[in-house]
Amino acid sequence: MTNLRLIKSMPNEMAFKLFLELPRKLYGDEYKDVNFNSGNPYLMACYVLMDREESVGRFAIYKNPELKYENNKALCIGSYECLEDVAVAECLLHHAKEICKQEGYQYIIGPMNGSTWDNYRFNLNYQDPFFMDLNQHVYYNEQFEKTGFTKISEYKSNVVKELNYNMGQLHKFEGHYMNKGAIFRHLDMHNVDVELYRIAEFCNKAFANNFLFTEIDPMYFVDKYLKVARMFDPELIWIVENQQGIIQSLLFAIPDWYDQTGKTLVLKTMASLPNSEFKGVSTYLARKTNQLAKAKGYNKIIHAFFIKENLSDSASQKMASSFHKEYALYGMELSLN
């Protein structure tokens, strides 16, 4: 592999087309590169590995000053793509590790585009992707593991095929929470930018104790989700507020636009504030969503991207009828000698 060479480039530079062309080579000309966002605030540099005149691998380095793993500041390798060739992957990831060392970091995480707010994780088993799912080659896991990376976290998506709910229990719990002052409503699409800003502020509080959490700039969150807002069904997005108008809980579901039958719903986010005034309301919202989804003609719900063995995973397992997909995130400690 003596002809391999690494090229550094950034958006708006001539050589950047080499970085962009690789996914189309790997997945086909119609593939849309959803694994790279030039507006990502943590993007440090992009790299493409060349074999003579052909791009054969790529990655980007993301520097998030707030990101830590086991009390070590961590640099991120993201936007990873590579041919199914172990020698190419070893060369590509060797360069990535050397760059991280030069930056003075002892720990690297990948694949992660700077934070858990953007694309991260690899598929462990291939299934047709659902809307907002990851779509990468499964062999990327082997490439990372053979070059010294180990799993630092695993995630999964479950499928609920029986949209069960008990109407009597739903009425009972709705009355319970309303008596405690809960206000249930859906996303206001007439003020969606304001709504998204408030949701970002809520998420920064609700997810503060999550693995690898760093805060997101609410304006970046707004810009990110405004791009897909036209695909929202506001009736599938639940917001629970207290009497002071402070968001206590959120459930965000969206149609699976990749399902041509139109019968699949994706439950992307289910969260409550720590020490919320309305304990257990997220589980109630999930059951309520079963009812609403069934009324709208859906026949299954994908509970997406839950970290294994956390509270959301436990809640999902109580309703899920089958496992769907698994994902992994990798890390490596570097020797600076």
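Small disclaimer: the values here were computed from a predicted structure and weren't measured. (Residues numbered from 1 in each chain as written. Predicted model: local features only at pLDDT ≥ 70, side-chain atom pairs only at ≥ 80, totals over all residues. Heavy atoms only, no water.)

### Observations concerning the overall build of the protein chain
Piece 1. Along the backbone of the protein chain there are eight helices and 14 strands.
Piece 2. Relative to a compact globule of 337 residues, whose C-alpha radius of gyration would be 20 Å, the protein chain shows 21 Å and is just as compact.
Piece 3. Dimensions of the protein chain along its principal axes, counting C-alpha atoms only, are 70 × 40 × 35 Å.
Piece 4. Here the protein chain holds 337 residues, and 53% of them are scored as buried. (Helix = DSSP H or I, 4+ residues; strand = E, 2+ residues; numbered from the N terminus. Rg over C-alpha atoms; globule rule 2.2 N^0.38 Å. Buried < 20%, exposed > 50% of the residue type's maximum accessible area, 1.4 Å probe, protein only.)

### Considering the environment of Ile 61
Piece 1. Relative to the helices and strands, Ile 61 is located in strand E3 (residues 54–62).
Piece 2. Residue classification places Ile 61 among the buried residues on the basis of a relative accessible area of 0%.
Piece 3. For the pair Ile 61 and Leu 75, spaced 14 residues apart in the sequence, the C-alpha separation amounts to 7.3 Å.
Piece 4. Those residues in contact with Ile 61, other than ones at most four positions away along the chain, are Tyr 42, Leu 43, Met 44, Ala 45, Tyr 47, Leu 75, Cys 76, Ile 77, Ala 96, Ile 99 and Cys 100. (Contact = heavy atoms within 4.5 Å.)

### A closer look at the packing of aromatic side chains
Piece 1. Under the definition given, this model contains 28 aromatic pairs.
Piece 2. Here the aromatic rings of Tyr 80 and Tyr 140 are separated by 5.1 Å at their centres, their planes lie at 85 degrees, and the arrangement is edge-to-face. Taken as a pair, Tyr 80 in strand E5 (residues 72–82) and Tyr 140 in helix H3 (residues 139–146) lie far apart in primary sequence, 60 residues in all.
Piece 3. For Tyr 80, a relative accessible area of 1% translates into the label buried.
Piece 4. Accessibility expressed as a relative area gives 0% for Tyr 140, which makes it buried.
Piece 5. Note on Tyr 139 and Tyr 140: the rings are 5.1 Å apart at their centroids and 90 degrees apart in plane angle, and the pair reads as edge-to-face.
Piece 6. For Tyr 139, a relative accessible area of 14% gives the class buried.
Piece 7. Within the aromatic cluster, the residues linked to one another by ring pairs are Tyr 80, Phe 122, Tyr 139, Tyr 140, Phe 144, Phe 149 and Tyr 330.
Piece 8. Here the guanidinium or amino end of Lys 224 rests over the ring plane of Tyr 225, the centre of that ring lying 5.8 Å away. (Phe/Tyr/Trp six-rings, centres within 6.5 Å; stacked < 30°, edge-to-face > 60°. Lys NZ or Arg CZ within 6 Å of the ring centre and 35° of its normal.)

### Digging into the confidence of the model for the protein chain
Piece 1. Looking at the protein chain as a whole, the pLDDT averages 92, with 94% of positions reaching at least 70.
Piece 2. Counting contacts from residues 310–314, a segment whose pLDDT is below 50, to residues more than four positions away or on other chains yields seven contacts. (pLDDT = per-residue confidence, 0-100.)

### A few points about the packing of helix H5 (residues 192–206) against helix H6 (residues 218–226)
Piece 1. It is the contact of H5 with H6, at a shortest axis distance of 8 Å, that shows an interaxial angle of 130 degrees. If you check the angle between H5 and H6, you find them oblique. For the pair H5 and H6, the crossing hand works out as right-handed. Where H5 approaches H6, its residues Val 192, Asp 193, Leu 196, Tyr 197, Ile 199, Ala 200 and Glu 201 are matched on the opposing element by Pro 218, Met 219, Phe 221, Val 222, Tyr 225 and Leu 226. (Axes fitted to C-alpha atoms, helices over the stretch in contact; angles between N-to-C directions. Parallel < 35°, antiparallel > 145°, perpendicular 65-115°, else oblique. Left-handed = near helix turned anticlockwise from the far one by under 90°.)

### Side note on H6
Piece 1. All buried positions along H6 are accounted for by Pro 218, Tyr 220, Phe 221, Val 222 and Tyr 225.
Piece 2. Two to three positions downstream of the cap, the backbone nitrogen of Met 219 sits 2.9 Å from a side-chain oxygen, assigning the N-cap of H6 to Asp 217. (Polar contact = N/O pair within 3.5 Å; in protein donor to acceptor, adjacent residues only side chain to side chain.)

### Re unusual backbone geometry
A negative phi angle characterises most non-glycine residues, just as the trans form characterises most peptide bonds.
Piece 1. Cis geometry marks the peptide bond from Gly 110 to Pro 111, where omega comes out at -5 degrees.
Piece 2. Locating Pro 111 in the fold gives a position in the loop between strand E6 (107–110) and strand E7 (122–123).
Piece 3. Residues other than glycine seldom take positive phi values, yet Asn 12 does so here, at roughly 80 degrees.
Piece 4. By secondary structure assignment, the location of Asn 12 is in the loop between strand E1 (4–9) and helix H1 (16–27).
Piece 5. The phi angle at Asn 71 is positive, at roughly 70 degrees, despite the residue not being glycine.
Piece 6. Of note, Asn 71 is situated in the loop between strand E4 (68–69) and E5.

### Some thoughts on the side chain of Asn 204
Piece 1. Locating Asn 204 in the fold gives a position in helix H5.
Piece 2. From its side chain, Asn 204 meets the backbone nitrogen of Ile 216 in a polar contact 3.0 Å long.
Piece 3. When near neighbours in sequence (up to four residues on either side) are disregarded, Asn 204 contacts Trp 117, Phe 213, Glu 215 and Ile 216.

### Digging into empty space enclosed by the protein
Piece 1. For the coordinates displayed, the defined rule picks out two cavities of 30 Å³ or more.
Piece 2. What the largest cavity holds in volume is close to 50 Å³.
Piece 3. If you go around the largest cavity, the residues you meet are Tyr 31, Val 34, Asn 35, Glu 81, Asn 119, Asp 133, Leu 134, Asn 135 and Gln 136.
Piece 4. Its residues assigned to classes, the lining of the largest cavity shows three nonpolar, four polar and two charged.
Piece 5. Computed from the structure, the second largest cavity encloses a volume of approximately 40 Å³.
Piece 6. As for the second largest cavity, its lining consists of Asn 35, Ser 79, Pro 111, Asn 113, Asn 119, Tyr 120, Arg 121, Leu 134 and Gln 136. (1 Å grid on protein atoms, 1.4 Å probe; cavity = no way out; pocket = protein on both sides within 12 Å on 5 of 7 lines; lining within 4 Å. Points joined across faces, edges and corners; volume = space filled by probe spheres on them. Nonpolar A, V, L, I, M, F, W, Y, C, P; charged D, E, K, R; others polar.)

### Topic: the pattern of salt bridges
Piece 1. Under the criterion given, the structure shown has 13 salt bridges.
Piece 2. Linking Glu 98 and Lys 101 is a salt bridge whose minimum nitrogen-to-oxygen distance equals 3.5 Å. Of the two residues, Glu 98 and Lys 101 both sit in helix H2 (residues 86–102), three residues apart, roughly one turn of that helix.
Piece 3. The class for Lys 101 is partly exposed, based on a relative accessible area of 27%.
Piece 4. It is possible to trace a salt-bridge network through shared partners that takes in Arg 185, Glu 195, Arg 198 and Glu 241. (Salt bridge = Lys/Arg side-chain N within 4 Å of Asp/Glu carboxyl O.)

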